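A look at the structure
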Amino acid sequence: MSKLIIKYSAFALIAIFGNIIVQFMVFNNYTGPYQLLVAMACGTVASLFIKYFLDKKFIFYFNNKRNNIYNFALYSFNGVFTTLIFWGIETAFYIFLPFGAAKYIGAFIGLCICYVIKYHLDKRFVFVEFPYDKLPAFEDIGDILDMTVILDIDGTIVADNCDEIAAETMVAVETLKKHNTVYLCTNSFNRIRNAKVEKLLGLKIADMKHKKPSKKILETMFVENPSRLVVIGDKFLTDGLFAKRIGAQFLMVKRKLSFNEPLLVKVINFIDGMAYHFAYLSKK
Ligand SMILES: [Mg+2]
């Protein structure tokens, strides 16, 4: 334990040192607008990278090379969250204790508390096996029988906004249709593409007017047994929330990607991945 504290503190000092060196370099080489802000931002990002690398390698011994962007974003998010706590404690000491050095004592106590919290948050949410990697592909979800299935299109059947359906996906949909009542459901506004997918799969999109996670979509379907509803989709924040709101089971599948997704779609997917990651690990 004491070894861990020494290592953790040493890495914090190295990160602070890196922060100052980068700030010094930026100050001496950049004379444009917002010089101080730019220097501070570069220093902060540099120290975050340094600390992330050191924590990953030598505190948590985390060797997974995948999902580095997710891990780094979650790590930074934890950093912002704990910094806010740190500021709160220092400010409280400054306001409520009637002596000059109170804010420094507050800063020291706040920093210690925040490092402990950050260590535990990183251990629980950042340097862990990424749950998204364990999701099955739509084609591998296995048998579903006698259910009303609400099937997402983009990311589940095809990559975002695409209209070519792979042969194995067609087989999986046909199997699903054989044993269940299946409705398509999409948040896409691309009517031509949507119509093409409907025709290819021989299925109807349940509701063109409302979008997930609206409960109103359910009103357009005939559901014989509400306790046997399942939503299959790739998005936690739309498909998952929709399933929760209508009392359905949610089967999340690994997202199909074309890797030509527009930036907005990439950002939405990224946020969705983070939300799923947090929600999944909070439950465990
Ligand atoms: Mg989708």
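In this text the structure is predicted, and so the values were computed from the model without any measurement.

Definitions and cut-offs
Residues numbered from 1 in each chain as written. Predicted model: local features only at pLDDT ≥ 70, side-chain atom pairs only at ≥ 80, totals over all residues. Pairing = 2+ DSSP bridges. Helix = DSSP H or I, 4+ residues; strand = E, 2+ residues; numbered from the N terminus. Axes fitted to C-alpha atoms, helices over the stretch in contact; angles between N-to-C directions. Contact = placed C-beta atoms within 7 Å. Parallel < 35°, antiparallel > 145°, perpendicular 65-115°, else oblique. Left-handed = near helix turned anticlockwise from the far one by under 90°. Nonpolar A, V, L, I, M, F, W, Y, C, P; charged D, E, K, R; others polar. Buried ≥ 20, exposed ≤ 12 C-beta atoms within 10 Å, placed from the backbone. Domains from an automatic or database assignment. Right-handed = clockwise from strand over helix to strand, strands pointing away.

Details of the sheet that holds strand β1 (residues 148-152)
Either a parallel or an antiparallel arrangement is found when strands of a sheet pair, and the pairing is made through backbone hydrogen bonds. Taken in spatial order, the four strands line up as β2-β1-β3-β4 in an open sheet, and their pairing is parallel. Only two strands of the sheet have a single partner each, and these edge strands are β2 (181-185) and β4 (249-252). In this sheet, adjacent strand axes meet at a mean angle of 20° when their direction is disregarded. Here four bridges tie β1 to strand β3 (residues 229-233), and the two strands are oriented parallel to one another. Bridge assignment links Thr148 to a residue of β3, and that residue is Leu229. Most of the contacts of helix α7 (residues 236-246) go to β4, to which it runs at about 165°, and overall it touches β1, β3 and β4.

Details of the packing of helix α3 (residues 68-96) against helix α4 (residues 102-126)
In the contact formed by α3 and α4, the axes pass within 8 Å of each other and the chain directions differ by 155°. In terms of orientation, α3 lies roughly antiparallel with respect to α4. The chirality of how α3 crosses α4 is right-handed. Partitioning the contact of α3 with α4 into residue classes produces 19 nonpolar, six polar and four charged.

Focus on the environment of Glu129
Positionally, Glu129 belongs in the loop between α4 and β1. Residue class for Glu129 comes out exposed when judged on the 12 C-beta atoms lying within 10 Å of it. Placed 107 residues apart in sequence, Glu129 and Val22 show a C-alpha to C-alpha distance of 32 Å.

Some remarks on the environment of Gly88
Position of Gly88 relative to the elements: it lies in helix α3. For the pair Gly88 and Ile246, spaced 158 residues apart in sequence, the C-alpha to C-alpha distance is 40 Å.

Things to note about the domain arrangement of the protein chain
You can read the domains of the protein chain as domain 1 (2-133) and domain 2 (136-283). Taking the mean C-alpha position of each, domain 1 and domain 2 sit 39 Å from one another. Counting residues at the interface gives nine residues for domain 1, matched by seven residues for domain 2. Those elements that place two or more of their residues in the side of domain 1 that touches domain 2 are α3 and α4. Ranked by residues supplied to the side of domain 1 that touches domain 2, first place goes to α3 with three residues.

Side note on the pairing of β1
In terms of burial, β1 is a largely internal element, five of the five residues being buried. The alternating pattern of β1 places Thr148, Ile150 and Asp152 on one face and Val149 and Leu151 on the opposite face, and all of these are buried. As defined by bridge partners, β1 adjoins β2 across five bridges and the pair is classed as parallel. Bridging across to β2, Asp152 finds its partner in Cys185. Handedness of the crossover joining β1 and β2 through helix α5 (residues 167-179) is recorded here as right-handed.

Observations concerning unusual backbone geometry
Along the chain, Lys212 connects to Pro213 via a cis peptide bond; the corresponding omega equals 10°. One can find Pro213 in the loop between α6 (191-201) and β3. Positioned with a positive phi, Tyr34 is a non-glycine residue whose angle comes to about 50°. Among the structural elements, Tyr34 can be located in the loop between α1 (2-29) and α2 (35-59). One non-glycine residue with positive phi stands out, namely Asn161, at about 65°. Here Asn161 is to be found in the loop between β1 and α5. The class for Asn161 is partly exposed, based on 16 C-beta atoms found within 10 Å.

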